[in-house]
Amino acid sequence: MVKVRMAAPVLQQNDEVAGENRELFNKKNVFVLNLMSSPGSGKTSILEKTIGKLSKLLKLGVIEGDIYTTRDAERIEKFGVPVVQINTDGACHLDARMVKPTLEDFDLDELDLLIVENVGNLVCPAEFDLGEDARAAVLSITEGNDKPVKYPLVFRQSKVVLLNKIDLLPYTDCEIELLEEDLKKINPELELFQVSARLDEGFAPWIAWLEEQVGLKKGS
Ligand SMILES: Nc1nc2c(ncn2[C@@H]2O[C@H](COP(=O)(O)OP(=O)(O)O)[C@@H](O)[C@H]2O)c(=O)[nH]1
Ligand SMILES: [Mg+2]
């Protein structure tokens, strides 16, 4: 059974709580990734593939952010990794105060990597620090070439963008080189990985990046 936490209104400021979360993650040497995108671009599908490839190498945990359902957490639970669902009850993003109580549900001493799937939304989640070490964004190539320039904040703040649904390239008007150019203009430091969660293709550089980040955190 998936554990569900309802978001409760709390008065403490988000950044203050994000700082407390970050302190705890640092103390426990857990690398925390905040995964963001619009609904349907493939966050959960990418997580499923990522867990399949990493769970033998690293100890993983997942927080699922959703407005109402536990569907994504149920998908993740099948892989046997600890997962907690946060239902935001209408809110379009997770915040640090929602994340904090869920940390009691994990044995952080036993985790190397905690991935937070944020609520599907390209705008609001980018405004809220959860205390994570890094952000990654998923952009599926079916969403239209103009999304990076229309919603730059999420891409500016991310270290990685996973360009998903590459298998659909022949059926769309996506111009992948231009899309990558726009993303690099917004954030020249971005690591761009083209993947297809459907075909399970292109994941090696992403997995290597995650392993590197976890290693750096352990060594720090
Ligand atoms: N063709 C194709 N479909 C995909 C790919 N990744 C995800 N999907 C589909 O896109 C839909 C949304 O995926 P999901 O992982 O739930 O997206 P999320 O809302 O961002 O978590 C589902 O129907 C997936 O099967 C992909 O690489 N290629
Ligand atoms: Mg999802």
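For the structure itself, look to the data block above.
Since the structure is predicted, the reported quantities are computational estimates derived from the model, not experimental observations.

Participant: Help me out: how do you make sense of the overall build of the protein in this one?
Facilitator: Each helix and strand in the protein was counted, giving 8 helices and 8 strands. Against the compact-globule benchmark of 17 Å for 220 residues, the protein has a radius of gyration of 16 Å, which places it among compact chains. Burial analysis of the protein (220 residues in total) assigns 51% to the buried set. The contacts in the protein between residues at least 6 apart in sequence include a share of 74% that link residues at least 24 apart. A total of about 10,200 Å² of accessible surface is found on the protein, and carbon and sulfur atoms cover 50% of it. Within the protein, the 38 negative side-chain charges are centred at a point lying 2 Å from the centre of the 26 positive side-chain charges.

Participant: Which parts of the structure should I look at to understand the site of ligand 1?
Facilitator: Contacts to ligand 1 come from 17 residues, most closely from Gly40, Lys43, Thr44, Ser45 and Asp167. One of the backbone N or O atoms of Gly42 is found 3.0 Å from an oxygen atom in ligand 1. Here an oxygen atom of ligand 1 sits 3.0 Å away from a polar atom, N or O, in the side chain of Arg75. In terms of residue count, the dominant contributor to the shell around ligand 1 is helix 2 (residues 43–54) (3 residues).

Participant: Hey, could you run me through the packing of helix 2 against helix 8 (residues 204–219) in this one?
Facilitator: Angle between the axes and distance between the axes are the two parameters that describe a pair of packed helices. Where helix 2 meets helix 8, the closest approach of the two axes is 11 Å, and the angle between their N-to-C directions is 65°. Considering the angle they form, helix 2 stands roughly perpendicular to helix 8. Handedness of the crossing formed by helix 2 with helix 8: right-handed. Counted together, Ile46, Thr50, Lys53 and Leu54 of helix 2 and Trp206, Ile207, Leu210 and Glu211 of helix 8 form the full contact between these two elements.

About the cut-offs
- Residues numbered from 1 in each chain as written.
- Chains lettered and ligands numbered in written order.
- Predicted model: local features only at pLDDT ≥ 70, side-chain atom pairs only at ≥ 80, totals over all residues.
- Heavy atoms only, no water.
- Helix = DSSP H or I, 4+ residues; strand = E, 2+ residues; numbered from the N terminus.
- Rg over C-alpha atoms; globule rule 2.2 N^0.38 Å.
- Buried < 20%, exposed > 50% of the residue type's maximum accessible area, 1.4 Å probe, protein only.
- Contact = heavy atoms within 4.5 Å.
- Areas by Shrake-Rupley, 256 points an atom, 1.4 Å probe, with all protein chains shown as cover.
- Lys, Arg positive; Asp, Glu negative; His and termini not counted.
- Charge placed at Lys NZ, Arg CZ, Asp CG, Glu CD.
- Near = heavy atom within 4 Å.
- Polar contact = N/O pair within 3.5 Å; in protein donor to acceptor, adjacent residues only side chain to side chain.
- Axes fitted to C-alpha atoms, helices over the stretch in contact; angles between N-to-C directions.
- Parallel < 35°, antiparallel > 145°, perpendicular 65-115°, else oblique.
- Left-handed = near helix turned anticlockwise from the far one by under 90°.

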